[in-house]
Amino acid sequence: MIKNKSQTIRAALILLLSVTLVVIVTWFAPSLSVASSNMFFRLRGAFNAPDDVVIVAIDDQSLQRVGQWPWPRSVMATALDKLTQAGPRGVGLDVIYAEPSSPEEDRRLAAAIARNSRVVLPAQLYESASKENPANRTMVWLRPRPEFANAARGLGHAHVSPEVDGTVRGIQLSKADDHADRLWAFGLEVIRGAEQIANEDVEEKPGLLRFGPYRITVTDEAVASPLPGVSVVRQNDMLINFAGPAGSFRYYSIADLIDGKIPPSVLAGKIALIGAVAESMGDTRVAPFSRYGTGRSQGAQGMPGVEIHANIINTIRSNLSFHPLPDWAAFVASVIVILLSALTIRFFDGWRQVAILGLILLSIIAGSLFAFSRALIIPPLAPMLTGFLAVIPLLLNRALTASRELDTKLAALVGSQTGFLSTAPQSNAQSGAEFINNQWWLDLPRSLAWKLRAVDDLTTRLLSRMSFIDRILSSMDEGVLVTDLVGSIVFANPKAERLFGCDQTELIGVDFAGLLTERGVLDPLRLRQAARDAANGRSSQLEFEISTPEPRYFSLHLSALAALGASAGAATGADIIPTGTVIGLVVMISDITKRVELDRMKTETLQLVSHELRTPLTSIQGLSDVLLKFPVAADESREMLRTIHSDAVRLGEMINRYLDLTRLESGAQPLHLSPVSCQQLIAGCVRNLTLPAAERQINLRSQVDPNAPLLRADEQLLTQAVNNLLSNAIKYSPPETEVVVTAELNHKDLLISVRDQGFGVPEEARERIFEKFYRLERDADSGVVGAGLGLPLVKEIVERHGGRVTFESDASGSTFTIHLPIQPQDLAIAAH
Ligand code: ADP
């Protein structure tokens, strides 16, 4: 706030300075303003001078022809007579004949002037000392000799005074000497002679001189400063609208006129001005179109005084006089320019600022040119341009402020990144300190090199930070997905790509909920609820299973992604979202298969200990307790000891089976593969179980395909599997039935089947008999020994060999079949 205030004060000060500068330029450096009007004349260009104003030039050619100036006055009389014959509308003879020459010559000239009746002669002001007091000098008129003045139509002053830069721009249409003896301008008198304007037909109004039909814009400051004894003397300043550079009007050499070489028709009805043009006569002035450094004189190529009069006449007759702007109008125009430029700098930036400033400059120049050439106003170009340029410090001030702010922000950014990487190169660490210890005097901005170094340093740090974060995300074991508020994925780490089997470009933009629910692994309603909870700040967790090809378990952890802090937003210039606003979700997907397996094993172990092991253990404990505490008869004690023994065996068997199964499942027990003869394996199994079969009066026989190939299998495990099936068939069959074990080749599988004529497996239990500890109620209650671990072990062994177990069962018995894939080499061995 304080910073803003000081900036505003500084801007106001700069504006004030600009205005002061404009005032100085307007009032104290007028040459700048007058010089700009030369530029406008050049930009506007010359226009066609009227052909009814012609100049009869006393030029170099005439001097050669007649002789050096002054000429005998009879020569001018001859020229005038020739002119008179042509019948001009008006004549201005811009030569002062103040001194007498020979009476005859003077008489001839006076007669020629009188014959014409429209000749206007010039008078000049000059300084003269009074006879009584020579120190008392006054300005008086130097007039033509009375005989010429009397013969002439009128007398006009030919006084043209240049401005500060030596250029003639205006004329005082009336001028008075120190005796308030006033003469109208030479050009005006020529017009009066040509147009026959009566003396009464002249009127002086504020800012305007009405001269017959002509209305001439003038400045009449002199009205306010009357001379003693004179009611109104005003100078009637008029700005001349020059038609072009010297030579724009039609020139005729006076020598040609004298020689009769000019046809009278070209002079008839025109205003003819006779005057000195030859450079040696020295009557030239610098005018707005004058070029410097060119022409014969090496100086300014001036305009003959007579052509300046021609321009004055043209300005009046064509109503082309300029309207001078009052100083206050120039000042207001400049202030408007200053304000517009300042506002542009304040409210616009970058290319817009440049474009608008350019537009302002263009309108100043184009508008001024329009005002000059169309509205006949001399525009205040110099003050306006000064105003325009004077606001540049404002621009500089803004640039400095912006540069300073950039420094502060860079330093803050570098500061926020310091200490991030201890592995950052030493040089960086040092420069970081340089950027942060931002003690800079005078509050001036740092150099561009400093800024570049700071940006470099920052870039290095940010890049290392990014690659660090990237490495973390890439090496995570968890899949990470980030979604926006509508649930589209905006980021996925490599693990997530692997989990979904597609790369990031395919995942970006995909609806995250759809990705999971389409695969049927998650219930859409549950997922939506979890997402809603997460968005409300309650992070939630879901678990799901993907069952193909091996079941794998995943947990899904959803949490809200909150917006950045406001300061970070401000530093990057991003739109500021209030801190903490939820802008998406972060989804972590972890593979929890191992944990789930472990949990399952824990549950199973608990089940084994709490149910299966407890029953025989309780029996052993009870019977041994009785034997210890009470005297028991010998036959009874044997019976008890037998039960204890069989329970202990059962306990041991159960523990062994469970351990076998767990070892197999966990992969801790590797397969010892070797060529196994199916015939021998089955024969061994049958042999093992002959006794239990005989006890139950069950006929056990085998039927093995002699072409059955050798198998590559773990013999011990496969024997255990076939044993389990055979012992089940014996256990769950009534006496006097038959159990047949067969082995045959079927396509690429070797099928080992165990068929019994037992009780069968009821329909409702078929899905479960391969579960651990599962037993049919019928059998659990019957006293048949078992733990529900035989079939799971068969299944595990066969699957480890790459095969599968199937079974069919009905009231007449069950058939369990082991399908084992045969490798081509096994077949080869069989053929051999
Ligand atoms: P157990 O140790 O109880 O035999 P198993 O896993 O081998 O455990 O068998 C699971 C259950 O399946 C048995 O308890 C039994 O009820 C049933 N079962 C297994 N084999 C047969 C069969 N051949 N005929 C009928 N029921 C069977």
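Scroll up to find the structure.
On a predicted model such as this, the values are computed, not experimentally measured, just so you know.

Q: What is the right way to look at the packing of aromatic side chains in this model?
A: Evaluated as defined, the whole model comprises 13 aromatic pairs. Ring geometry for Phe40 and Phe372: centres 5.5 Å apart, planes at 25°, overall stacked. Separated by 332 residues along the polypeptide, Phe40 in helix α2 (residues 30–44) and Phe372 in helix α11 (residues 350–373) bring together distant segments of the chain. A relative accessible area of 0% places Phe372 in the buried class.

Q: Please explain the site of the ligand as it appears in this structure.
A: Lining the immediate environment of the ligand, one finds 22 residues, of which Asn728, Tyr732, Arg775, Asp779 and Leu791 sit closest. Here an oxygen atom of the ligand sits 2.9 Å away from a polar atom, N or O, in the main chain of Leu791. Isolated, the ligand exposes 520 Å² of accessible area, and the fraction of that covered by the protein chains is 100%. Secondary structure elements with two or more residues in the shell around the ligand: α25 (715–731), α26 (777–782), α27 (790–800) and β28 (813–821). Tallied by class, residues from the shell around the ligand come to 11 nonpolar, six polar and five charged.

Q: Even after reading the chapter, I still don't get a nonpolar patch on the surface, so can you show me in this structure?
A: A cluster of nonpolar side chains, contributed by Leu21, Ile24, Trp27 and Phe28, occupies part of the molecular surface with about 430 Å² of accessible area. With respect to the helices and strands, Phe28 occurs in helix α1 (residues 2–28).

Q: Would you mind showing me how to read the state of the cysteines here?
A: A covalent bond between the sulfur atoms of two cysteines is what we call a disulfide. Taken as a whole, this structure holds zero disulfides when the rule is applied. Its sulfur unpaired, Cys678 is 9.7 Å from the next cysteine sulfur, which belongs to Cys685.

Q: For this particular structure, what's the right way to read the packing of helix α10 (residues 327–347) against α11?
A: Packed helices, taken two at a time, are described by their axes: the angle between them and the distance between them. With their axes 9 Å apart at the nearest point, α10 and α11 run at an angle of 165° to one another. It follows from the interaxial angle that α10 and α11 lie roughly antiparallel. Relative to α11, the crossing made by α10 is right-handed. Contacts between α10 and α11 involve Val337, Leu340, Ser341, Thr344 and Ile345 on the former and, on the latter, Gln353, Ile356, Leu357, Ile360 and Ile364. Across the contact of α10 with α11, the residue classes tally to seven nonpolar, three polar and no charged.

Q: Would you mind showing me how to read the side chain of Lys772 here?
A: In this fold, Lys772 is placed in the loop between β26 (749–755) and α26. Owing to a relative accessible area of 14%, Lys772 belongs among the buried residues under this scheme. A distance of 2.6 Å separates a polar atom in the side chain of Lys772 from a polar atom in the side chain of Glu665. The contacts of Lys772, once residues within four sequence positions are left out, are Arg600, Glu604, Leu661, Glu665, Gly788, Leu789 and Pro792.

Q: Please explain the environment of Val119 as it appears in this structure.
A: Along the chain, Val119 falls in strand β3 (residues 119–129). When its relative accessible area of 0% is taken as the criterion, Val119 is described as buried. Each C-alpha atom of the pair Val119 and Thr84 lies 9.7 Å from the other, and the pair is 35 residues apart in sequence. Ignoring sequence-local partners within four residues, the contact set of Val119 consists of Leu80, Val91, Leu93, Ile113, Ala152, Arg153 and Gly154.

Conventions used here
Residues numbered from 1 in each chain as written. Predicted model: local features only at pLDDT ≥ 70, side-chain atom pairs only at ≥ 80, totals over all residues. Heavy atoms only, no water. Phe/Tyr/Trp six-rings, centres within 6.5 Å; stacked < 30°, edge-to-face > 60°. Helix = DSSP H or I, 4+ residues; strand = E, 2+ residues; numbered from the N terminus. Buried < 20%, exposed > 50% of the residue type's maximum accessible area, 1.4 Å probe, protein only. Near = heavy atom within 4 Å. Polar contact = N/O pair within 3.5 Å; in protein donor to acceptor, adjacent residues only side chain to side chain. Areas by Shrake-Rupley, 256 points an atom, 1.4 Å probe, with all protein chains shown as cover. Nonpolar A, V, L, I, M, F, W, Y, C, P; charged D, E, K, R; others polar. Patch = residues over 30% accessible without salt bridge, like charges linked within 9 Å, V, L, I, M, F, W, Y side chains within 5 Å. Salt bridge = Lys/Arg side-chain N within 4 Å of Asp/Glu carboxyl O. Disulfide = S-S within 2.5 Å. Axes fitted to C-alpha atoms, helices over the stretch in contact; angles between N-to-C directions. Parallel < 35°, antiparallel > 145°, perpendicular 65-115°, else oblique. Left-handed = near helix turned anticlockwise from the far one by under 90°. Contact = heavy atoms within 4.5 Å.

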